[in-house]
Amino acid sequence: MSLRQRLAQLAGRLQEPQKVARFQRLCGVEALPSRSADPREDEKAEAPLAGDPRLRGRQAGASGGPQPPGSDRNQCPAKPDGGGAPNGVRNGLAAELGPAPPRRAGALRRNSLTGEEGELACVNNWPLYYLFCFGTELGNELFYITFFPFWIWNLDPLVGRRLVVIWVLVMYLGQCTKDIIRWPRPASPPVVKLEVFYNSEYSMPSTHAMSGTAIPISIVLLTYGRWQYPLLYGLILIACWCSLVCLSRIYMGMHSILDIIAGFLYAILILAVFYPFVDLIDNFNQTHKYAPLIIIGLHLALGIFSFTLDTWSTSRGDTAEILGSGAGIACGAHVTCNVGLILDPSLDMLPLARLPITVTLFGKAILRILIGIVFVLIVRNTMKKITIPLACKIFSIPCDDIRKARQHMEVELPYRYITYGMVGFSITFLVPHIFFFIGIS
């Protein structure tokens, strides 16, 4: 057997959903009695799944090329006796489950856009459940909308801006790669889908693993030498952050082991190629005369391109959200620098001294994050209420059902891009001005 054949066989094994199901059982997650959790069934299913990994997760007897991730051909069919349920659908009603199991059921994680809900499951190890829930949140919107502002407002604006540049590059390339490869999520059963928020997206590579790898590595690269701390602390941060996010995606049933490994290696590759240019990009965003026009045009063109790669899924909106946030933060930083809000821009480029943490400093940091996040959320909700009806009116799309309306590119792209563009602009321009006027900058 040649090396290429061995690698292909290894990749096929790493993509098997049975390995995901085994990891879940090892961590105390089991399917409810309505569908079989017998490990022997997993062994029987391994043989036909050892072939082309693209066929896994498809309905038996399906033919043709890859299908959109939300279609029936990417869902696992219900069992003939009615005991099973399609992938990502609640596994029966309570009345159909018979006697209540002795163990508690895991909480549902619902997709607010599609209405899809996670499967009810028996969770035996609750500390692990909450730990991995935290790990998976490190790649979700709630984390990003607090993490990046915290860096920009309280820690180091330069590092915060450059983290955003890296994050946009990594996430955009990851989302586009998913729509080019088009591999489905791990099949359920045997996998228990504890989270389905991104279930309508493709699986390869894991963008959670990509961001969970790129962000901590970038933090260390950007701060080591600029801040004063032992390198060992940075390496520990990278190992803990990356492993927590990566393992959480397998635990939630959203990715195979191969997806995680590919996401990790892909993020390393992107950092190796683009990190040397991050300083140049950030300086261009702040100082070039026509930077705002170039930033907005480039990010918008990238968003339109990503919408043409495949049919609608939640990844379309996520991509536009990422690009809009990046454009807004870059434009806000440009305006802030040019209006002179940064009193001494040269200080932004010098190594930071070790500052003593006082009650006043800590209190101002807490006040800034509270006031800033409240203002950002107000901006987001206001822009959402304006952009969706306006886009529906301009493109003559019925807006009675917001979910269906947002499945049109003409609505989702401007809504996400404009809304989160304003959020990003607020983070680097409007909110710092508020801090300056009330004396907590």
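Rules behind the numbers
Along every chain, residues carry numbers that run from 1 in the direction the sequence is written. Under the rules for a predicted model, residues below a pLDDT of 70 receive no local features and side-chain atom pairs below 80 are neither given nor counted, while totals for whole chains, interfaces and linings still include all residues. Hydrogen atoms and water are omitted, and side-chain values are computed over all heavy atoms in the structure. Each helix is a run of DSSP H or I of at least 4 residues and each strand a run of E of at least 2, with the numbering of both proceeding from the N terminus. When a residue's accessible area, from a 1.4 Å probe over protein chains only, is under 20% of the maximum for its type it is buried; when over 50% it is exposed; and in between it is partly exposed. We call two residues contacting when some pair of their heavy atoms lies within 4.5 Å. Residue exposure ignores everything except the shown protein chains as possible cover, and the areas themselves are Shrake-Rupley values with a 1.4 Å probe. Nonpolar cores are built from buried Ala, Val, Leu, Ile, Met, Phe, Trp, Tyr and Cys residues. Side-chain atoms within 4.5 Å join them into one set. UniProt positions are given in the numbering used here, feature names are shortened, and annotations may be inferred rather than shown by experiment. Whenever Lys or Arg places a side-chain nitrogen within 4 Å of a carboxyl oxygen from Asp or Glu, that contact is recorded as a salt bridge. An expected span of 1.5 Å times one less than the residue number is assigned to each helix. Ring pairs shown here join Phe, Tyr and Trp side chains whose ring centres sit within 6.5 Å, with only the six-membered ring taken for Trp; geometry is labelled stacked below 30 degrees between planes, edge-to-face above 60, and tilted in between.

Student: Describe the overall build of the protein, and please don't skip the residues or the numbers.
Tutor: Assigned secondary structure in the protein consists of 15 helices and 2 strands. Residues classed as buried in the protein amount to 49% of the 441 residues present. Sequence-distant contacts, at least 24 apart, represent 76% of the contacts inside the protein between residues at least 6 apart. For the protein, the accessible surface area stands at approximately 20,800 Å², while carbon and sulfur atoms represent 69% of it.

Student: Summarise the nonpolar core; cite the residues concerned and give the values.
Tutor: Residues Phe147, Trp153, Trp167 and Tyr251 are the most contacted members of the largest nonpolar core, which totals 76 residues. The biggest single contributor to this core is helix α6 (residues 157-181), with 11 residues. With sequence-adjacent residues up to four places away left out, Phe147 is seen in contact with Leu163, Ile215, Ile219 and Trp241.

Student: Quick one: what's the story with unusual backbone geometry, residue by residue and with numbers?
Tutor: Here the bond from Met204 into Pro205 is cis, since omega is 0°, no more than 30 degrees from zero. Turning to its location among the elements, Pro205 is positioned in the loop between α6 and α7 (207-223). For Arg182, which is not glycine, the phi torsion reads 60° and is therefore positive. With a relative accessible area of 28%, Arg182 lands in the partly exposed category.

Student: Tell me what's going on with the UniProt feature "transmembrane region" (unreviewed entry) in the protein, and back it up with residues and numbers.
Tutor: Summarizing the sequence annotation, UniProt attributes the feature "transmembrane region" (unreviewed entry) to residues 128-152, 164-181, 231-250, 257-278, 290-310, 355-379 and 417-440 in the numbering used throughout. Counting secondary structure, residues 164-181 comes out at 100% helix and 0% strand; the distance between its end C-alpha atoms is 26 Å. The distance from the first to the last C-alpha atom of residues 231-250 is 29 Å, and the span holds 100% helix and 0% strand.

Student: Give a description of the environment of Arg22 that names residues and reports values.
Tutor: Along the chain, Arg22 falls in helix α2 (residues 17-26). In this structure Arg22 comes out as partly exposed when scored by relative accessible area, which is 29%. C-alpha separation for the pair Arg22 and Pro190, spaced 168 residues apart in sequence, amounts to 9.1 Å.

Student: Break down the pattern of salt bridges for me, citing the residues and quoting the values.
Tutor: The tally for this structure, following the rule as stated, stands at 9 salt bridges. The residue Arg416 makes a salt bridge to Asp318 at a minimum N-O spacing of 3.7 Å. Of the two residues, Arg416 sits in helix α15 (residues 409-438) while Asp318 sits in helix α12 (residues 314-338), which places them 98 residues apart along the sequence. This pair shows no difference in class: Arg416 is buried, exactly as Asp318 is. A salt bridge links Glu321 to Arg416, with the shortest nitrogen-to-oxygen separation between them at 2.3 Å. Within this pair, whereas Glu321 is found in helix α12, its partner Arg416 is found in helix α15, the two being separated by 95 residues in sequence. For Glu321, a relative accessible area of 11% puts it in the buried group. One network of salt bridges, with partners in common, ties together Arg161, Arg162, Asp279 and Asp282.

Student: Describe the environment of Gly12, and please don't skip the residues or the numbers.
Tutor: Turning to its location among the elements, Gly12 is positioned in helix α1 (residues 3-14). Along the chain, Gly12 and Leu258 lie 246 residues apart, while their C-alpha atoms are 8.3 Å from each other.

Student: Describe in detail the side chain of Ser248, supporting the description with residues and values.
Tutor: Within the element layout of this structure, Ser248 appears in helix α8 (residues 231-251). Setting aside anything within four residues of it in sequence, one finds Ser248 in contact with Phe132, Gly135 and Thr136.

Student: Please give an account of helix α9 (residues 257-274) that cites residues and values.
Tutor: Think of an α-helix as 3.6 residues a turn; residues three or four steps apart then line up on the same face. Compared with the 26 Å implied by 1.5 Å per residue over 18 residues, the 26 Å span of α9 between its first and last C-alpha is a close match. Where α9 is buried, its residues contact α1, α6, α7 and α8.

Student: Just give me the short version of the packing of aromatic side chains, but keep the residues and values in it.
Tutor: Taken as a whole, this structure holds 20 aromatic pairs when the rule is applied. Summarising the aromatic geometry, the rings of Phe132 and Tyr251 are spaced 4.7 Å apart at their centres and angled 35° between planes, so their arrangement reads as tilted. Within this pair, whereas Phe132 is found in helix α4 (residues 126-137), its partner Tyr251 is found in helix α8, the two being separated by 119 residues in sequence. A centroid spacing of 4.8 Å and a plane angle of 50° characterise the contact between Tyr144 and Trp167, whose relative ring orientation is tilted. Placement of the pair is Tyr144 in helix α5 (residues 141-155) and Trp167 in helix α6, with a sequence separation of 23 residues. Per residue, the accessibility class of Tyr144 equals that of Trp167, and both read buried. One aromatic cluster in this structure is built from Phe143, Tyr144, Phe147, Phe148, Trp151, Trp167, Trp227 and Trp241.

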